[in-house]
Amino acid sequence: MTFTVDDFSERNHELLSRQPVTRRSLLLTAMTAGLGGYALEQFRLAERAFAFAGGIAGKAGVVVSGRHLSFIPGAGDVPRNAMAVTAQLVSNTGKLPAKLRAFVDVGDAPDRYGTQVEAGIRHLTGQYAIPGGPVGSQFYAKAKITGLKPDTVYHYRVRLSDGTVSGDAHFTTAPAAAKPFTFTAFADVGTNTAPKDPKFAWHQDPARVTQANGTWPNAVFDDNGYLEDDPIAGDKPTDRTPAATMTRLMGTQRPAFTLLAGDICYANPSGTGLPADDTTALLTGKAPAGRNLFNPYVWDVFLNQIEPQAAFTPWMFATGNHDMEPMYGNTTYLGGSPTHGYGGHVQRLDFPVNGPKDCPSVYRFVYGNVGLISLDANELSWELQTNTGYSDGAQVRWLTETLKRWRAPGSEVDFIVAFFHHCAFSTAHNHASDGGVRAAVDPLFTKYQVDLAVQGHNHLFERTDPIRHGKRTRAAPDRSTVHPETDGVTYVCVGSGGRARYPFRPAPGVKAPPPKGVTPKGEQKLPEGERYRGHKPNGKENTTSTVTNSYFWTKERHKPKKDNAAPTGERVPEAVEWSQVRYDGYAFIAVDVVPPGKAGDSTTLTVRTLADALPGSHKPYKEIDRITLKRKSGLRIAH
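S.K.: Explanation requested: the pairing of strand S2 (residues 83–90) in the structure shown.
M.R.: If a strand is regular, its side chains alternate between the two faces of the sheet. With eight of its eight residues buried, S2 lies for the most part within the structure. Pairing geometry for S2 and strand S5 (residues 138–145), over seven bridges, is antiparallel. By the bridge assignment for S5, Val85 is matched with Ala143.

See the structure below:
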């Protein structure tokens, strides 16, 4: 029996939502997995998803889980001839047979795998056992498939030497010449299923966890801490699992790839890059002073959650503050390491390695006529300074050279899209704008005419008017056409990927002051409200694009005692007029690119914002904003 991507996605969502196993679902799995299907239904989540995806278990009791793809940029930074495949290898013991080998079989159809590529197996354990929590032991098979043809569909499966075989999946390589395509993006995702620590890893897990067979309570390591007044996931929900739903909805857009702008799965829900300690997780919901909560098995849930899309479509990740995991290498504040706390990501994911040295999550690639850049905002941040400055300027120098190259004669790049975590421009209450990120990127983005910046960190959606040198150049309401070469950069925050939402700013006052000399007038005196297509103002909120009491983070540094907390900057009030669209729910963007018919013709990049289960819409998602970026193909700038 053959299942489509949509079938796989729907079934996987049921498993992650812990739907009861019915006789029908049991038979469905048995049909998919053969004789091993019934037994696999009695195992944990990874085995169940493996079975439904067409996997057949071998002799060693190991299954393939959480497959995901990543581009491997080649000549000209274009990923047309190679693809990276990573999968988790899950066992009930936390060990693999000593001589077990892994392979990726590749071909032009599910039954015609003509090429075999051996995958390296990585064992990820961490530097120490987590106090009050589990011990980590996870295995990943990683392969690079090379010698591929551009714009070609390839089928693949992961196979182990003991006879274990995953189901079939497929991908399409980047085209040799620009053609219309769509990509999707979001940030701050997490999971809607609590992690389940395998029995071999219980170590110092709390009794409440071990009595639940290793499953942690809700809202400790997952996203299920939604407030009652959340219009989507609250006490009258239209969607109880927005993080899982976002991935499914993005699949409806048939993207060529997906960008995730940091805060990937929240295995570290504390988010300040300090040592792991779970001893107070169930007592206070927080880590002890100077420590962070951490559970590596959140990654198992997340990789299963995205597999229905990521096994077929490359996912490209940037790193956020919740992605600093010192379990796998110290952050700068803790003394530093070559991976700066991203060592686990190097094993679990597949970052391209064409960025500056020792900056694992900084890289670039070109798809069609679009150049895309992943930046590490942790290294630039003035708000959270755990990893600030670790590259000693190398990241900004590399960014400058990349932008210069893509805007030079002979480049085939028309649009430039950067994605990173901390916002250079946002008005959200919790984090607003990071002055360090802004100081690094705004001058360069202005000079080299970057078209679109995709941000996260603030758990909501916000789009700016076009900005040059920190200032709005013009208003760009819904359905506008922007000309980036003269109008400037459009910044979007898509931290609306599933983690519990943040509010916008309260009314100007002592706790949320405007800058000195600024006096709010009219609506500006009210709490900052939403502003999007279809929104009906209640007269009690500021629905203008001007926010007089926003703020940015400055470099002035609080220096807490060692082992107490991570250093942070200070808030500086600012009044802004560029906050064009605001939505305090869950949403992602779908970006449609139409290349020019010939050199010198116009080319467009249209950003559509799709909101999840908007109350009253009676639809799974609804478009709430659209903006088109338009430029002349081949337009270059003097350096």
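S.K.: How should I be thinking about helix H10 (residues 394–406) in this particular structure?
M.R.: Structural remark: α-helix, 3.6 residues per turn; residues separated by three or four positions point the same way. Counted at 1.5 Å a residue, the expected span for H10 with its 13 residues is 18 Å, and the 18 Å between its end C-alpha atoms agrees. For H10, the secondary structure elements touched by its buried residues are strand S11 (363–367), strand S12 (370–374), strand S13 (415–419) and helix H11 (435–447).

S.K.: I keep staring at the packing of aromatic side chains and nothing clicks. Help me out?
M.R.: Ring pairs (aromatic) are described by centroid distance and by the angle formed between their planes. Inspection of every chain in the model, using the stated rule, returns 25 aromatic pairs. Seen from their ring centres, Phe294 and Tyr328 are 5.9 Å apart, and the 75° between their planes marks the pair as edge-to-face. A residue pair is termed long-range when its members are at least 10 positions apart, and Phe294 in the loop between helix H7 (281–284) and helix H8 (298–310) and Tyr328 in the loop between strand S10 (315–318) and helix H9 (343–348) qualify at 34 residues. With relative accessibility at 3%, the residue Phe294 sits in the buried group. Cluster of aromatic residues (ring-pair linked, three or more members): Phe71, Phe181, Phe183, Phe257, Phe365 and Tyr367. The ring of Phe504 has Arg582 sitting right over it, with the charged end atom 5.9 Å from the ring centre.

S.K.: Explain the sheet that holds strand S16 (residues 461–464) to me, please; I cannot follow it from the model alone.
M.R.: Read across the open sheet, the seven strands follow the order S11-S12-S13-S15-S20-S16-S23; overall the sheet is mixed. With one partner strand each, in any of the chains shown, S11 and strand S23 (579–583) form the two edges of the open sheet. Sheet twist, expressed as the mean angle between neighbouring strand axes with direction ignored, is 15°.

S.K.: Help me understand the environment of Val85 in this model?
M.R.: Residue placement: Val85 occurs in strand S2. Sequence separation of Val85 and Leu349 is 264 residues, and the distance between their C-alpha atoms is 9.0 Å. Once you skip the residues sitting within four places of it in the chain, Val85 turns out to touch His68, Leu69, Val104, Ala141, Lys142, Ala143, Ile145, Tyr156 and Asp350.

S.K.: Honestly, the packing of helix H6 (residues 242–251) against H8 in this entry has me stumped. Any pointers?
M.R.: The description of two packed helices rests on the angle between their axes and on the distance between the axes. Look at H6 against H8: their axes get within 9 Å of each other, and the N-to-C directions meet at 5°. Accordingly, the angle class assigned to the pair H6 and H8 is roughly parallel. Taken together, the residues of H8 that come into contact with H6 (itself represented by Ala243, Ala244, Thr247, Arg248 and Gly251) are Gln305, Ile306 and Gln309.

Each value, and the rule that gives it
Residues numbered from 1 in each chain as written. Predicted model: local features only at pLDDT ≥ 70, side-chain atom pairs only at ≥ 80, totals over all residues. Heavy atoms only, no water. Buried < 20%, exposed > 50% of the residue type's maximum accessible area, 1.4 Å probe, protein only. Helix = DSSP H or I, 4+ residues; strand = E, 2+ residues; numbered from the N terminus. Pairing = 2+ DSSP bridges. Expected span 1.5 Å × (residues − 1). Contact = heavy atoms within 4.5 Å. Phe/Tyr/Trp six-rings, centres within 6.5 Å; stacked < 30°, edge-to-face > 60°. Lys NZ or Arg CZ within 6 Å of the ring centre and 35° of its normal. Axes fitted to C-alpha atoms, helices over the stretch in contact; angles between N-to-C directions. Parallel < 35°, antiparallel > 145°, perpendicular 65-115°, else oblique.

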